[in-house]
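Survey of secondary and tertiary structure
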Amino acid sequence: TNVSLAPDTAEFHAMKLSFPNQIVGRVTNIIAGPTLVIIHIDTPAGQIVSAIIPSAAEAIDLKVGDEVTALFKALDVSLAKA
């Protein structure tokens, strides 16, 4: 729930953002519910799953196959050590 999504467009890349962590990927599955839309994204770093509200999904017109950028705030990144 702490992942924001943006369409991967030239306009997006021209914007200045406060999200230091960005991973580009492709939408592989969209599960639409009445209050949340679950978006599955394949990235070079692995699969990312984002939950967004339906109006946000509609605003960026997400479809399976779309290239998107997953945006993470630095405070929302967790670390693990093996």
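Preceding this section is the structure that the text describes.
Remember, predicted model here, so these are calculated numbers, not experimental data. (Residues numbered from 1 in each chain as written. Predicted model: local features only at pLDDT ≥ 70, side-chain atom pairs only at ≥ 80, totals over all residues. Heavy atoms only, no water.)

**A look at the pairing of strand β3 (residues 37-43)**
Two faces, one strand: in a regular strand the side chains alternate between the faces of the sheet. The buried count for β3 comes to five of seven residues, which makes it a mostly enclosed element. Sheet topology places strand β2 (residues 21-32) next to β3; six bridges connect them, and they run antiparallel. Counted as the bridge partner of A32 is V37 from β3. As paired elements, β3 and strand β4 (residues 46-52) share seven bridges and run antiparallel to each other. By the bridge assignment for β4, V37 is matched with I52. Hairpin connection between β3 and β4: a loop of two residues separates the two successive antiparallel strands. (Buried < 20%, exposed > 50% of the residue type's maximum accessible area, 1.4 Å probe, protein only. Helix = DSSP H or I, 4+ residues; strand = E, 2+ residues; numbered from the N terminus. Pairing = 2+ DSSP bridges.)

**A short note on unusual backbone geometry**
In this structure, D61 is a non-glycine residue whose phi angle is positive, near 50 degrees. Position of D61 among the secondary structure elements: in the loop between α2 (54-59) and β5 (67-72). With relative accessibility at 46%, the residue D61 sits in the partly exposed group.

**Let's talk about the pairing of β2**
Two strands pair when backbone bridges link them, and β2 and β5 are joined in this way by six bridges, in the antiparallel orientation. Paired with I23 across the bridge in β5 is A70. Between β2 and the antiparallel strand that follows it, β3, lie four residues.

**Regarding the pattern of salt bridges**
Within the structure shown, the criterion is met by two salt bridges. In this structure, the salt-bridge partner of K63 is D61, at a minimum N-O distance of 2.6 Å. With a relative accessible area of 42%, K63 lands in the partly exposed category. (Salt bridge = Lys/Arg side-chain N within 4 Å of Asp/Glu carboxyl O.)

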